[in-house]
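# Survey of secondary and tertiary structure
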Amino acid sequence: MSQQQNIPDSSSRDSEKKNDVQTSVAVEVENIFEHVSRNSGDEALKALEVLGGETISMTPEMEKALLRKIDWNLMPILCVVYCLNYLDKVTLSYTSVMGLQKAIHLKGDNYQWLGSIFFIGYLVWEYPTSRLLQRLPLGKYSAFNIIMWGFTLCCLAAVKEFKGAVTVRFLLGAFEATVTPGFALFTSQWYTKSEQGTRTGIWFSFNGFAQILGGVIAYGISVGTKKHGAALPAWKIVFLACGLVTIAVGIVFLWLMPDNQMNARFLTSDEKRMAIERIRKNQQGIGNKHFRMYQLKEALLDPMSWAFFLYAILGSIPYGVGTFFSQLIVSFGFTPDQSLLLGTPAGAVTAVFVIATSWLGDKHQNRILFASSGVLTSILGTLLMVCLPSSNKVGRLVGFYLFNALPSGFVSVLSLVSTNIAGYTKKTTIAALMLIGYSVGNIIGPQVFRPKDAPDYRPAQIVILVCLVGCVVDLAFIYWHYNRLNRKGSEIRAGPGYRTVDNQEFLDLTDRENHEFVYVL
C-alpha cells in the first residue's frame, strides 16, 4: 500500500513535465534580456536614429524596385572581384605548364609547397582580417586588400627562385583572405534570408567563369608567344596581366562599394531607410563595431561552428586539384596547350551547379538538400577518374568535369554562415573559423598530390573520394541540428510569459539568445 502511494499517477507526471517545460521556457525567455543594451546596438539602429522618422512602410512594388537597384549596383562588382579572386589563385596552375617550374628551378615537392604556402598566408591572417572587417569600414578595407593582392600578383613575374616565389605566394594568400568573409558580410548586410543563398551562389559562381576565362587567356598567351615571340616569357605575362587588371578593379571597387546602407551613393535618404528596414526580418542588423566577449565564447561552444569548420576542411582538401588540374589533364593523355583549353568546361560545370543549387535551395527553402546533390555529383566524377582505366582519357576527363560540381556544397555552408549566425562578433568569428578550416584543407590538398604518384595521382583521388563522403555526412548533421533548434524555438515562442523588446532585431543579439530567430535549412 505504501509503495503505491509513492508512485505518482499519470496526471501528476504530466503536470510535473509541464512545469519543467514552463520553467525551461521561462529561463530561455529571460536570457534574451541579459545582453540587451541600446549602447551596444547594431549599426542599423544607429542609422535609423540618424535618419529619423517612424518605421517606413513599403509596398511590394517599392521593395522589388529597391532590390533591383541594390542588385545592379552591388552584384556586378562583387562578381567581377570574385572572378579575379579565383583567377589569381589558379594562375599558378596555368603557368606550371608554361615554363614557370623550369624558369625558377623548382625541384622535388617545391611546386606542392607553392600551392600550400598561399593558404598558410590565408590561415595566418584569416582571424586578424576578420576582426578588421568588423572594426574598419567594410567597403574600404576590402578595396585595400584587392588592390594589394593585385600588386602582389604582379610581383610573381619578378621571382627568380623558389624562396622568392614562396614569399610572394604567402603574401598573396594573406591579402586574399579578406574577400570571402567580407563578401559574406556584404550579403547578410544587404539581402534578406530568402535572397542570400541565391546571391551568394551568383558571386561565388564566378569561380567557374574565372576558370573559363583564365584557360582562354592562358592558352592565347601561350600560343601567341610561341608564334610571334614576346619580350617576356608567357608565364610572366599571365601574372602581370591578371595582377594589373586586379589593381584597376580594386580602385573601381573602392569608389563603388559602400560600407553599408548609410553611405551608399546610389540610394536616396528614403531608400537608405527602406534598405535597412527590409532586412529587419533577418534578426541580424547590418553590423556592430564592438567586440563582445560572450559572443566569442558562444561561437566557440556552438556545435555548428565546428560542423562548418569540419566541412571546410573536408570540402577543401579536394581543391588541391585546383593547383594540379592542368597537370592532371595532361596525365589523361593531352598536351600542355590542350590542357589549358580543356580545363575551361570544368568552370562551366561549377558555375551551372552553384547557381542552380543556390536558386533551387532558396526557392524550395532547402539549401542543404540541393547542395548535397552537387557533392554527390562530385563523388560520381571522382569515381570515374579513379575507376576508369588510363586508356579511357575521355571518360576520365568527363569525371574531372563532374568533380567540379563540388563548390555547390561549400557555397551552401558559406551562405548558412550569412543567414543562420547572428551577433556580429559571433558571425565574424564563425566565418573566420570556417575559412581557417578552408585554409587547412587547401594546405593539405596539394600535399596529397605527391611527385612519386605522377602522372595519374591515384592515391590523391582516393583521398578526395573519402573527403567527399565525409562532406555528405556533415551536411546531414547540419540539417538535423538546425531542424532541432527550430523546433525548440517554436516551443519557446509558444510558451507562457514569452515577450520581445522594441527593435529587438537590431540589438546585436546572437541567434541562440534571440528566440525570434528562425534557421534556414
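Residues take numbers from 1 onward in each chain, read along the sequence in its written order. At least 70 in pLDDT is required for a residue's local features to be given in this predicted model, at least 80 for side-chain atom pairs to be given and counted, and no such filter applies to totals for whole chains, interfaces and linings, which use all residues. No hydrogens and no water enter the side-chain calculation; it runs on all heavy atoms of the structure.

### Let's talk about the overall build of the protein
Put simply, the test is: Each helix is a run of H or I in the DSSP string that is no shorter than four residues. Each strand is a run of E no shorter than two, and both are numbered from the N terminus. When a residue's accessible area, from a 1.4 Å probe over protein chains only, is under 20% of the maximum for its type it is buried; when over 50% it is exposed; and in between it is partly exposed. Working definition of accessibility: Shrake-Rupley area with a 1.4 Å probe, residue cover restricted to the visible protein chains.
If you tally the helices and strands in the protein, you get 22 helices and zero strands. Burial analysis of the protein (521 residues in total) assigns 59% to the buried set. For the protein, the computed accessible surface area is about 21,000 Å², with 64% contributed by carbon and sulfur atoms.

### Some points on unusual backbone geometry
In this structure, His105 takes a positive phi of about 60 degrees despite not being glycine. Structurally, His105 is set in the loop between α5 (100-103) and α6 (110-135). Residue classification places His105 among the exposed residues on the basis of a relative accessible area of 53%. A positive phi angle, close to 55 degrees, is found at Gln365, a residue other than glycine. Structurally, Gln365 is set in the loop between α17 (344-363) and α18 (367-387).

### Looking at a nonpolar patch on the surface
Convention followed: Patch construction takes residues with relative accessible area above 30% that form no salt bridge. Like charges are linked within 9 Å, and nonpolar side chains (Val, Leu, Ile, Met, Phe, Trp, Tyr) are linked within 5 Å. Every case where a carboxyl oxygen of Asp or Glu lies within 4 Å of a side-chain nitrogen of Lys or Arg is listed as a salt bridge.
Together, Tyr127, Phe291 and Met293 make up an exposed nonpolar region whose accessible area comes to about 250 Å². With respect to the helices and strands, Phe291 occurs in the loop between α12 (269-277) and α13 (293-301).

### What about the nonpolar core?
Our working definition: Residues belong to one nonpolar core when they are buried, are Ala, Val, Leu, Ile, Met, Phe, Trp, Tyr or Cys, and are joined through side-chain atoms within 4.5 Å. Contact between two residues is taken to exist if any of their heavy atoms lie within 4.5 Å; hydrogens are not considered.
Core analysis: the biggest nonpolar cluster contains 128 residues, and Phe253, Phe308 and Phe410 have the highest contact counts within it. Among the elements that make up this core, the one with the highest residue count is helix α4 (residues 60-96) (17 residues). The contacts of Phe253, once residues within four sequence positions are left out, are Ile77, Leu78, Val81, Gly139, Ser142, Ala143, Ile146, Phe183 and Phe186.

### So, the environment of Ile104
With respect to the helices and strands, the residue Ile104 is situated in the loop between α5 and α6. Since its relative accessible area comes to 1%, Ile104 is described here as buried. Leave out the neighbours within four places in its chain, and Ile104 touches Leu114, Val159, Lys160, Glu161, Phe162, Ala165 and Trp235.

### A look at the packing of aromatic side chains
Worth spelling out the cut-off: In this scheme Phe, Tyr and Trp rings, the latter by its six-membered ring, pair at centre separations within 6.5 Å, and the angle between planes marks the pair as stacked below 30 degrees, edge-to-face above 60, and tilted otherwise. We call a charge positioned above a ring when the Lys NZ or Arg CZ atom is no farther than 6 Å from the ring centre and deviates by at most 35 degrees from the ring normal.
Per the stated rule, a full pass over the model turns up 23 aromatic pairs. When the centroid spacing of 5.9 Å and the interplanar angle of 40 degrees are considered together, the rings of Tyr82 and Phe183 count as tilted. With a gap of 101 residues between them, Tyr82 in helix α4 and Phe183 in helix α9 (residues 179-190) connect regions that are remote in the sequence. Among the residues examined, Tyr82 registers a relative accessible area of 3% and is labelled buried. Overall, Phe183 belongs to the buried group, its relative accessible area being 1%. An aromatic cluster of three or more residues is present, and its members are Tyr82, Phe118, Phe119, Tyr122, Phe183, Phe186, Trp203, Phe204, Phe253, Phe410 and Tyr438. Lys193 extends its terminal NZ or CZ atom over the ring of Phe517, reaching a point 3.5 Å from the ring centre. Taking the ring centre of Trp255 as reference, the NZ or CZ of Arg265 above it sits at 3.9 Å.

### Focus on the pattern of salt bridges
Counted by the stated rule, this structure contains eleven salt bridges. Salt-bridge contacts for Arg280 lead to Glu277; the nearest nitrogen and oxygen are separated by 2.9 Å. With a relative accessible area of 10%, Glu277 lands in the buried category. Between Glu298 and Lys426 there is a salt bridge, with the nearest N and O atoms lying 2.9 Å from each other. Note that Glu298 is positioned in helix α13 and Lys426 in helix α21 (residues 424-447), a separation of 128 residues in sequence.

### A few points about helix α11 (residues 234-256)
Applied cut-off: One less than the residue count of a helix, multiplied by 1.5 Å, gives the span that helix is expected to have.
In a regular helix each residue adds 1.5 Å, so 23 residues correspond to 33 Å; α11 covers 33 Å between its end C-alpha atoms and thus fits that length. Turning to α11, its buried residues number three or more, namely Ala234, Trp235, Val238, Phe239, Cys242, Gly243, Thr246, Ile247, Val249, Gly250 and Phe253. Where α11 is buried, its residues touch α4, α5, α7 (138-155), α9 and α10 (193-228).

### Regarding the packing of helix α14 (residues 303-316) against α21
If you want to describe how two helices pack, look at the angle between their axes and the distance between the axes. The criterion, for reference: Simply put, an axis is a line fit to the C-alpha atoms, just over the touching stretch for a helix, and the angle between two N-to-C directions goes from 0 to 180 degrees. Orientation is classified from the angle alone, with under 35 degrees giving roughly parallel, over 145 giving roughly antiparallel, 65 to 115 giving roughly perpendicular, and any other angle giving oblique. Two helices cross in a left-handed way if the nearer one is turned anticlockwise from the farther one by less than a right angle. They cross in a right-handed way if the turn is clockwise. Three categories are distinguished: nonpolar for Ala, Val, Leu, Ile, Met, Phe, Trp, Tyr, Cys and Pro, charged for Asp, Glu, Lys and Arg, and polar for the others, with Gly belonging to the last.
Where α14 meets α21, the closest approach of the two axes is 7 Å, and the angle between their N-to-C directions is 25 degrees. Of the possible angle classes, the one that applies to α14 and α21 is roughly parallel. Every pair of crossing elements has a handedness; the one defined by α14 and α21 is right-handed. Across from Ser305, Trp306, Phe308, Phe309, Ala312, Ile313 and Ser316 in α14, the residues of α21 making contact are Ile430, Leu433, Met434, Ile436, Gly437, Tyr438, Val440, Gly441 and Asn442. Residues belonging to the contact of α14 with α21 are distributed by class as follows: eleven nonpolar, five polar and no charged.

### As for the confidence of the model for the protein
Put simply, the rule is: Each residue carries a pLDDT score, the predictor's confidence in it, ranging from 0 to 100.
Looking at the protein, pLDDT values average 84 and 87% of them are 70 or higher. Within the model, the stretch residues 1-18 combines pLDDT values under 50 with one contact to residues more than four positions away or in other chains.

### Some details on the side chain of Thr246
Inspection of the secondary structure puts Thr246 in helix α11. Among all residues touching Thr246, those that are not within four sequence positions of it are Leu84, Asp88, Ile146, Trp149 and Gly150.

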